[in-house]
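Observations on chain architecture
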Amino acid sequence: MTDGRGLRCAVKLIAILNLAYFGIEFTVAHTIGSVLRVVEDILKCKWTTSVLDKLDGGILQPGNLQRSIRGLSKKVMCQRLKKLEKFDLIVRRPISEKPLKVHYCLTPMGRRIH
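Thresholds applied
- Residues numbered from 1 in each chain as written.
- Predicted model: local features only at pLDDT ≥ 70, side-chain atom pairs only at ≥ 80, totals over all residues.
- Heavy atoms only, no water.
- Helix = DSSP H or I, 4+ residues; strand = E, 2+ residues; numbered from the N terminus.
- Buried < 20%, exposed > 50% of the residue type's maximum accessible area, 1.4 Å probe, protein only.
- Contact = heavy atoms within 4.5 Å.
- Areas by Shrake-Rupley, 256 points an atom, 1.4 Å probe, with all protein chains shown as cover.
- Arc of directions from axis to C-beta.
- Expected span 1.5 Å × (residues − 1).
- Core = buried A, V, L, I, M, F, W, Y, C linked by side-chain atoms within 4.5 Å.

**Quick notes on the overall build of the protein**
- Counting its secondary structure elements, the protein contains six helices and four strands.
- Ordering the α and β elements of the protein from the N terminus gives α-β-β-α-α-α-α-β-β-α.
- Buried positions account for 38% of the 114 residues belonging to the protein.
- In the protein, of all internal contacts separated by at least 6 residues, the share reaching a separation of at least 24 is 52%.
- With the model as given, the accessible surface of the protein reaches about 7200 Å², and the carbon-plus-sulfur share is 56%.

This is how it looks when you write it as C-alpha coordinates:
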(Lines give C-alpha, C1' and ligand atoms only; values in the text may rest on other atoms or scores of the structure.)
Protein backbone atom coordinates (compact mmCIF):
# COMPACT_ATOMS: atom_id res chain seq x y z
CA MET A 1 0.00 0.00 0.00
CA THR A 2 1.66 3.14 -1.15
CA ASP A 3 -1.08 5.70 -0.73
CA GLY A 4 -2.84 7.02 2.34
CA ARG A 5 -6.22 5.88 1.00
CA GLY A 6 -5.22 2.22 1.16
CA LEU A 7 -3.91 2.62 4.69
CA ARG A 8 -7.13 4.31 5.85
CA CYS A 9 -9.11 1.49 4.23
CA ALA A 10 -6.97 -1.10 6.05
CA VAL A 11 -7.41 0.60 9.42
CA LYS A 12 -11.19 0.80 8.96
CA LEU A 13 -11.34 -2.84 7.84
CA ILE A 14 -9.39 -4.00 10.88
CA ALA A 15 -11.75 -2.03 13.12
CA ILE A 16 -14.83 -3.50 11.43
CA LEU A 17 -13.58 -7.07 11.64
CA ASN A 18 -13.06 -6.33 15.34
CA LEU A 19 -11.04 -9.41 16.21
CA ALA A 20 -13.48 -11.73 14.47
CA TYR A 21 -13.09 -13.23 11.04
CA PHE A 22 -16.54 -13.26 9.46
CA GLY A 23 -18.37 -14.48 12.53
CA ILE A 24 -15.80 -17.06 13.61
CA GLU A 25 -14.23 -16.12 16.93
CA PHE A 26 -10.50 -16.67 17.31
CA THR A 27 -8.19 -16.40 20.29
CA VAL A 28 -6.37 -13.08 20.48
CA ALA A 29 -3.09 -14.72 19.40
CA HIS A 30 -4.66 -16.05 16.20
CA THR A 31 -6.99 -13.16 15.51
CA ILE A 32 -4.51 -10.38 14.85
CA GLY A 33 -2.56 -12.45 12.33
CA SER A 34 -5.77 -13.67 10.67
CA VAL A 35 -7.25 -10.20 10.39
CA LEU A 36 -4.02 -8.80 8.95
CA ARG A 37 -3.88 -11.61 6.37
CA VAL A 38 -7.47 -10.84 5.32
CA VAL A 39 -6.70 -7.12 5.05
CA GLU A 40 -3.54 -7.81 3.07
CA ASP A 41 -5.39 -10.20 0.76
CA ILE A 42 -8.08 -7.61 0.06
CA LEU A 43 -5.82 -4.60 -0.37
CA LYS A 44 -2.71 -6.10 -1.98
CA CYS A 45 -4.00 -5.31 -5.45
CA LYS A 46 -3.64 -1.68 -6.47
CA TRP A 47 -7.08 -1.77 -8.10
CA THR A 48 -9.08 -2.59 -4.95
CA THR A 49 -9.47 0.98 -3.73
CA SER A 50 -10.32 2.17 -7.27
CA VAL A 51 -13.06 -0.46 -7.58
CA LEU A 52 -14.44 0.42 -4.13
CA ASP A 53 -14.33 4.14 -5.04
CA LYS A 54 -16.36 3.61 -8.20
CA LEU A 55 -18.87 1.34 -6.49
CA ASP A 56 -19.27 3.90 -3.71
CA GLY A 57 -20.72 6.17 -6.39
CA GLY A 58 -23.54 3.69 -7.05
CA ILE A 59 -24.46 0.43 -8.72
CA LEU A 60 -22.41 -0.49 -11.79
CA GLN A 61 -22.34 -3.19 -14.41
CA PRO A 62 -18.92 -4.77 -15.01
CA GLY A 63 -18.40 -3.10 -18.41
CA ASN A 64 -19.16 0.35 -17.03
CA LEU A 65 -16.90 -0.29 -14.07
CA GLN A 66 -14.01 -1.35 -16.29
CA ARG A 67 -14.41 1.67 -18.58
CA SER A 68 -14.48 4.04 -15.61
CA ILE A 69 -11.09 2.84 -14.28
CA ARG A 70 -8.34 3.60 -16.75
CA GLY A 71 -5.84 0.76 -17.21
CA LEU A 72 -7.92 -1.92 -15.47
CA SER A 73 -7.98 -5.13 -17.52
CA LYS A 74 -11.06 -7.34 -17.66
CA LYS A 75 -9.15 -10.25 -16.10
CA VAL A 76 -7.93 -8.23 -13.11
CA MET A 77 -11.33 -6.60 -12.68
CA CYS A 78 -13.03 -10.02 -12.53
CA GLN A 79 -10.45 -11.27 -10.01
CA ARG A 80 -10.95 -8.20 -7.80
CA LEU A 81 -14.74 -8.40 -7.98
CA LYS A 82 -14.68 -12.09 -6.98
CA LYS A 83 -12.28 -11.38 -4.10
CA LEU A 84 -14.32 -8.44 -2.82
CA GLU A 85 -17.50 -10.50 -3.11
CA LYS A 86 -15.84 -13.38 -1.21
CA PHE A 87 -15.04 -11.03 1.66
CA ASP A 88 -18.58 -9.60 1.65
CA LEU A 89 -17.55 -6.08 0.64
CA ILE A 90 -19.61 -6.06 -2.57
CA VAL A 91 -22.62 -7.98 -3.82
CA ARG A 92 -23.30 -9.30 -7.33
CA ARG A 93 -26.92 -9.13 -8.42
CA PRO A 94 -28.39 -10.48 -11.64
CA ILE A 95 -30.63 -7.96 -13.42
CA SER A 96 -31.74 -10.14 -16.32
CA GLU A 97 -31.57 -13.81 -17.27
CA LYS A 98 -31.20 -13.80 -21.04
CA PRO A 99 -28.75 -12.46 -21.82
CA LEU A 100 -27.33 -12.68 -18.30
CA LYS A 101 -26.57 -9.22 -16.98
CA VAL A 102 -25.33 -8.41 -13.52
CA HIS A 103 -24.47 -5.36 -11.48
CA TYR A 104 -22.32 -4.82 -8.41
CA CYS A 105 -22.85 -2.64 -5.39
CA LEU A 106 -21.26 -2.17 -1.98
CA THR A 107 -22.55 -4.13 0.99
CA PRO A 108 -23.04 -2.36 4.34
CA MET A 109 -19.58 -3.60 5.39
CA GLY A 110 -18.12 -2.32 2.12
CA ARG A 111 -19.66 1.10 2.75
CA ARG A 112 -18.24 1.20 6.26
CA ILE A 113 -14.65 0.58 5.19
CA HIS A 114 -14.97 3.05 2.40
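Okay, back to it.
**Quick notes on helix 3 (residues 48–56)**
- Residues of helix 3 that are buried: Thr48, Thr49, Val51, Leu52 and Leu55. The buried residues of helix 3 all sit within an arc of 160° when viewed along its axis, so they share a single face.
- Positive backbone phi, at 140°, marks Gly58, one or two positions downstream of helix 3.

**A short note on the environment of Val76**
- Residue placement: Val76 occurs in helix 5 (residues 74–86).
- Residue Val76 is classed as partly exposed on the basis of its relative accessible area, which comes to 22%.
- In this structure the C-alpha to C-alpha distance between Val76 and Trp47, which are 29 residues apart in sequence, comes to 8.2 Å.

**Section: the environment of Arg112**
- You can see Arg112 is positioned in helix 6 (residues 108–113).
- Sequence separation between Arg112 and Leu89 is 23 residues, and the spatial gap between their C-alpha atoms is 9.2 Å.

**Looking at helix 5**
- Counted at 1.5 Å a residue, the expected span for helix 5 with its 13 residues is 18 Å, and the 18 Å between its end C-alpha atoms agrees.
- Turning to helix 5, its buried residues number three or more, namely Met77, Arg80, Leu81, Lys83 and Leu84. Considered in projection along helix 5, the buried side chains sweep an arc of 165° and stay on one side of the axis. Structural note: helix 5 exposes Lys74, Lys75, Lys82 and Lys86 on the side pointing more than 90 degrees away from its buried face.
- One or two positions beyond helix 5, positive phi appears at Asp88, with a value near 60°.

**Observations regarding the nonpolar core**
- Val51 and Ile90 are the most contacted members of the largest nonpolar core, which has 24 residues in total.
- Broken down by secondary-structure element, the contributors of at least two residues to this core are helix 2 (28–43), helix 3, helix 5, strand 4 (101–106) and helix 6.
- Per-element tally for this core: the top contributor is helix 2, with four residues.
- Here Val51 is in contact with Leu65, Ile69, Leu72, Leu81 and Leu84, once residues within four sequence places are set aside.

**Some details on unusual backbone geometry**
- With phi around 60°, Asp88 is a residue other than glycine that occupies positive phi space.
- Considering the arrangement of structural elements, one finds Asp88 in the loop between helix 5 and strand 3 (90–96).
- Accessibility expressed as a relative area gives 41% for Asp88, which makes it partly exposed.

So far we have only geometry, and geometry alone does not tell us how the molecule works.
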